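Analysis of the macromolecular model
One letter stands for each residue in the lines below.
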Amino acid sequence: GRREWGEAMQDDITDGPRWLIESGIADPARICIVGGSYGGYAALMGPIREPGLYRCAVSLNGVSDLVDFINSRRFYVGARDGWVRRIGETWADREKLTRNSPARRAADIGVPVLLVH
C-alpha cells in the first residue's frame, strides 16, 4: 500500500462491496461506506472513485487532505519519515496527493456524508 492512498488501496476496498453485490449477498441500493482514521479517508474517497456504488459515506476522524496531512507530520511522534514513505512527498507527489484528497474534490461526492470528529 505504499503511496497508494486513493488508488490501489481504494480499489481493494471497492472489491468487497462489488463481490457482495455480485454474489447476491448485498442490496446495491443499500451500500454505505464507513471507516475511521485511514478508513474515514477511504470512506470519503469511495464515492469519488466509484460514483453510484455507495448511497452514503461516514468518516470518523478521517484524513481529508493529504497535502495538509503530510505538512502536519511535525506534530506527530514518529511520523516524519513514515508518512513520506507511505503517503508521498509534499512537492514531488503534489499532483497525485491533490487528486487523492477528498477535501479538494468535495464537489465530486454525490452522496450524503456524515463527518465525525
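Figured I'd write up the structure that's included with this text. (Residues numbered from 1 in each chain as written. Predicted model: local features only at pLDDT ≥ 70, side-chain atom pairs only at ≥ 80, totals over all residues. Heavy atoms only, no water.)

1. As for the overall build of the protein
Counting its regular elements, the protein contains five helices and three strands. Shown N-terminal to C-terminal, the secondary structure of the protein runs as helices and strands in the order α-β-α-β-α-α-α-β. Its C-alpha atoms give the protein principal-axis dimensions of roughly 45 × 25 × 25 Å. The buried share of the protein, reckoned over its 117 residues, is 40%. Here the contacts in the protein between residues at least 6 apart in sequence split such that 66% fall between residues at least 24 apart. Charge-centre separation for the protein: the mean point of 16 positive side chains lies 6 Å from the mean point of 15 negative side chains. (Helix = DSSP H or I, 4+ residues; strand = E, 2+ residues; numbered from the N terminus. Buried < 20%, exposed > 50% of the residue type's maximum accessible area, 1.4 Å probe, protein only. Contact = heavy atoms within 4.5 Å. Lys, Arg positive; Asp, Glu negative; His and termini not counted. Charge placed at Lys NZ, Arg CZ, Asp CG, Glu CD.)

2. Details of the packing of aromatic side chains
Two measures describe an aromatic ring pair: the distance that separates the ring centres and the angle between the ring planes. For the structure shown, the criterion picks out five aromatic pairs. For the pair W5 and Y38, a centre-to-centre distance of 4.8 Å together with 80° between the ring planes defines the contact as edge-to-face. In this pair, W5 is assigned in the segment before α1 (8–22) and Y38 in helix α2 (residues 38–49), connecting sequence segments 33 residues apart. For the ring pair Y38 and Y41, a centre distance of 5.7 Å and an interplane angle of 40° mean the geometry is tilted. Here Y38 and its partner Y41 are both found in helix α2, three residues apart, which amounts to about one turn of the helix. Taken together, the ring pairs in this structure connect W5, Y38, Y41, F69 and W83 into an aromatic cluster. When the ring centre of W91 is taken as origin, the NZ or CZ atom of R94, which lies over that ring, is 4.3 Å away. (Phe/Tyr/Trp six-rings, centres within 6.5 Å; stacked < 30°, edge-to-face > 60°. Lys NZ or Arg CZ within 6 Å of the ring centre and 35° of its normal.)

3. Here we look at empty space enclosed by the protein
Unoccupied space between atoms shows up once a probe the size of one water molecule is rolled over them. Under the defined criterion, the tally for this structure stands at one cavity of 30 Å³ or more. There is about 30 Å³ of room inside the largest cavity. What lines the largest cavity is simply R3, E4, W5, L66, I87, K96, L97 and N100. Looking at side-chain class alone, the lining of the largest cavity contains four nonpolar, one polar and three charged residues. (1 Å grid on protein atoms, 1.4 Å probe; cavity = no way out; pocket = protein on both sides within 12 Å on 5 of 7 lines; lining within 4 Å. Points joined across faces, edges and corners; volume = space filled by probe spheres on them. Nonpolar A, V, L, I, M, F, W, Y, C, P; charged D, E, K, R; others polar.)

4. Focus: the pairing of strand β2 (residues 56–60)
Strand direction decides the pairing type here: strand β1 (residues 32–36) and β2, joined by five bridges, are parallel. Looking across to β2, one finds that I33 is bridged to A57. As a crossover connection, the stretch from β1 through α2 into β2 is right-handed. (Pairing = 2+ DSSP bridges. Right-handed = clockwise from strand over helix to strand, strands pointing away.)

5. Considering the nonpolar core
In terms of nonpolar packing, the biggest core is built from 15 residues, with W5, Y41, V63, L66, F69, I87 and L97 touching the most fellow members. Examining the composition of this core, we find that four residues originate from one element, helix α3 (residues 66–71), more than from any other. In terms of nonpolar packing, the next biggest core, distinct from the first, is built from seven residues, I31, I33, Y54 and A57 among them. (Core = buried A, V, L, I, M, F, W, Y, C linked by side-chain atoms within 4.5 Å.)

6. As for a nonpolar patch on the surface
On the surface, a cluster of nonpolar side chains totalling about 310 Å² of accessible area is made up of V34, L60, L114 and V116. By secondary structure assignment, the location of V116 is in strand β3 (residues 113–116). (Patch = residues over 30% accessible without salt bridge, like charges linked within 9 Å, V, L, I, M, F, W, Y side chains within 5 Å. Areas by Shrake-Rupley, 256 points an atom, 1.4 Å probe, with all protein chains shown as cover. Salt bridge = Lys/Arg side-chain N within 4 Å of Asp/Glu carboxyl O.)

7. Let's talk about the pattern of salt bridges
For the structure shown, the criterion picks out eight salt bridges. Within the structure, one salt-bridge network assembled from shared partners comprises R3, E89 and D93.

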